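# Observations on the three-dimensional arrangement
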Amino acid sequence: MNSPLLPTQMGRPNPGRTRIADQSTLVTTILGVGVDPQATTVAIKKHTKEIEQLKREIDEKNEAILRLEKDIKKLREYNDELNVTVEFKDKEIKALKDKINTLESEKKDLQKKLRAVEVELEAVKEEVDDLKTANKATEDKNADLEEKVEKLSTKMEGMKKSLEETKDENALLKTKVQKLEDARQHIPSTGVPSEVLAALPNAMGPLETLLLYLGEMCWRIQAMMYKAVHPNSYKDKRGYKVKHIEEDIHDLKEKNQQDEANERWEALKKGLKWKGKEHLRAMQSIQRSRNVTAHPDLDEQLLLSAAEVLEGEGKLECQPSCVKELIEMWKMLHHEDPESIVMKIIQGT
């Protein structure tokens, strides 16, 4: 229901109402009679608002599209930059791959060299181990040599003392030699040279005394041979035979002592050119012929003369050559320390 008009409003036109009336008239005219003009007006307003809203949204979309187009343009520009960067990176990657290949090749060369060095290192280690072993053996040998040097030094002191004693004996020997020289040209009916007779004890016959000299030589040879093989067991003034040397080697308790004694024994026999049973039997036959127990002084000329006379008289029960070889053994053992002879033979000097 419409509100009544106020008196002040009557006769004066109302623009809003006039517009509504016009719209109602227009709607009535368009839609025809029977349509509510007011409802239609409301619908038109609603649609008008919606249209305006849609226009605003369209404008917003247009602005968004413009922004997106700008973004697309920027992205394209950025993409172009990326393409340039990718191309540069491709070149950089290729260069790095080439460098990697070079490094791989160098690595293979280094691996080959490393294997060669490892092989060489193993060889050096083995050589070092061998040198250590050899050094240990040398140290042991040096210790043995030092011990032997100490023993030899002790013996040298004894030899010096003996040398002093020998000087006194030399004075007596010079007198004896002079006597032999004076009797040199005279040979008595016995066939024994006068110089030999001059050295004989008055209580003995000449031939028996000559056998005594050779027998004494055989006794001393065996004693000196024993001393060379068993220096620590040797006792002066004790009788020794060749069999004692081998028996005492067998009786040694320690295996290494037996080996060392055997080595000295074999070296001594080699150095003396020992003929075993032949020389042993020669010494036994000479010693059986002894008829006295005295121990006369010996010298080479005396022994050679004794052997020559006994050979001429047919008193030797062995080969004369064996007797001469025994005299050579006596000379070697008499003029040098028996143990030093063995050491020289072992060391090949």
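This is a predicted model, so every value here is computed, not measured. (Residues numbered from 1 in each chain as written. Predicted model: local features only at pLDDT ≥ 70, side-chain atom pairs only at ≥ 80, totals over all residues. Heavy atoms only, no water.)

Right, let's talk about the overall build of the protein for a bit. Of regular secondary structure, the protein possesses 10 helices and zero strands. Of the regular secondary structure in the protein, the N- to C-terminal order runs α-α-α-α-α-α-α-α-α-α. Counting every position in the protein, which comprises 349 residues, the buried fraction comes to 22%. Here the contacts in the protein between residues at least 6 apart in sequence split such that 64% fall between residues at least 24 apart. By element, 54% of the accessible surface of the protein is carried by carbon and sulfur atoms, the whole surface being about 26,000 Å². (Helix = DSSP H or I, 4+ residues; strand = E, 2+ residues; numbered from the N terminus. Buried < 20%, exposed > 50% of the residue type's maximum accessible area, 1.4 Å probe, protein only. Contact = heavy atoms within 4.5 Å. Areas by Shrake-Rupley, 256 points an atom, 1.4 Å probe, with all protein chains shown as cover.)

Here we come to the packing of aromatic side chains. Here the structure, examined in full by the defined rule, presents two aromatic pairs. Look at Tyr226 and Tyr240: their rings are 4.1 Å apart centre to centre, the planes differ by 20 degrees, and that puts the pair in the stacked class. Taken together, the positions of Tyr226 in helix 4 (residues 206-229) and Tyr240 in the loop between helix 4 and helix 5 (242-251) put the pair 14 residues apart, joining distant regions of the chain. For the pair shown, Tyr226 and Tyr240 are each scored as buried. An aromatic cluster is built from Tyr226, Tyr234 and Tyr240, whose rings are joined through pairwise contacts. (Phe/Tyr/Trp six-rings, centres within 6.5 Å; stacked < 30°, edge-to-face > 60°.)

What follows concerns the nonpolar core. Among the nonpolar cores identified, the biggest contains 45 residues, and Leu214, Met217, Ile221, Met225, Leu268 and Leu326 are the most heavily contacted of them. Put simply, the parts of the chain that give this core at least two residues each are helix 4, helix 5, helix 6 (255-272), helix 7 (277-288), helix 8 (300-312), helix 9 (320-335) and helix 10 (338-347). At 13 residues, the largest contribution of residues to this core is made by helix 4. Ignoring sequence-local partners within four residues, the contact set of Met225 consists of Ile245, Trp265, Leu268, Leu272, Trp274 and Leu333. (Core = buried A, V, L, I, M, F, W, Y, C linked by side-chain atoms within 4.5 Å.)

Here we come to the packing of helix 5 against helix 6. Interhelical geometry of helix 5 versus helix 6 gives an angle of 155 degrees and a closest axis separation of 9 Å. The pairing of helix 5 with helix 6 is recorded here as roughly antiparallel in orientation. Between helix 5, through Val242, Ile245, Glu246, Ile249 and His250, and helix 6, the contact on the second element is made entirely by Gln258, Ala261, Asn262 and Trp265. Taken together, the residues that form the contact of helix 5 with helix 6 break down as five nonpolar, three polar and one charged. (Axes fitted to C-alpha atoms, helices over the stretch in contact; angles between N-to-C directions. Parallel < 35°, antiparallel > 145°, perpendicular 65-115°, else oblique. Nonpolar A, V, L, I, M, F, W, Y, C, P; charged D, E, K, R; others polar.)

Despite not being glycine, Lys273 shows a phi value in the positive range, around 55 degrees. Among the secondary structure elements, Lys273 is positioned in the loop between helix 6 and helix 7.

We now examine the layout of surface pockets. Empty space left among the atoms is revealed by rolling a probe the size of a water molecule over them. In this structure, the second largest pocket encloses a volume near 730 Å³. Lys148, Lys151, Asn232, Glu260 and Arg264 are the residues nearest the centre of the second largest pocket, which is lined by 21 residues in total. Those elements giving two or more residues to the lining of the second largest pocket turn out to be helix 2 (37-182), helix 6 and helix 10. In terms of residues, the lining of the second largest pocket owes the most to one element, helix 2, which gives six residues. (1 Å grid on protein atoms, 1.4 Å probe; cavity = no way out; pocket = protein on both sides within 12 Å on 5 of 7 lines; lining within 4 Å. Points joined across faces, edges and corners; volume = space filled by probe spheres on them.)

Right, let's get into the pattern of salt bridges. A complete count under the given rule lists nine salt bridges for this structure. Salt-bridge contacts for Glu104 lead to Lys107; the nearest nitrogen and oxygen are separated by 3.3 Å. Of the two residues, Glu104 and Lys107 both sit in helix 2, three residues apart, roughly one turn of that helix. Residue class for Lys107 comes out partly exposed when judged on its relative accessible area of 39%. In this structure, Asp259 and Lys255 form a salt bridge, with 3.1 Å as the shortest nitrogen-oxygen distance. Within this pair, Asp259 and its partner Lys255 are both found in helix 6, separated by four residues, close to a single helical turn. Salt bridges sharing common partners tie together Glu300, Glu328 and Lys331. (Salt bridge = Lys/Arg side-chain N within 4 Å of Asp/Glu carboxyl O.)

A few words now on a nonpolar patch on the surface. Taken together, the side chains of Tyr78, Leu82 and Val86 define a hydrophobic patch exposed on the protein surface, amounting to about 260 Å² of accessible area. Looking at the element boundaries, Tyr78 is found in helix 2. Judged by its relative accessible area of 47%, Tyr78 is partly exposed. (Patch = residues over 30% accessible without salt bridge, like charges linked within 9 Å, V, L, I, M, F, W, Y side chains within 5 Å.)

What follows covers the side chain of His279. Checked against the element boundaries, His279 lands in helix 7. For His279, the contacting residues outside a window of four places in its chain are Lys273, Trp274, Cys322, Glu325, Leu326 and Met329.

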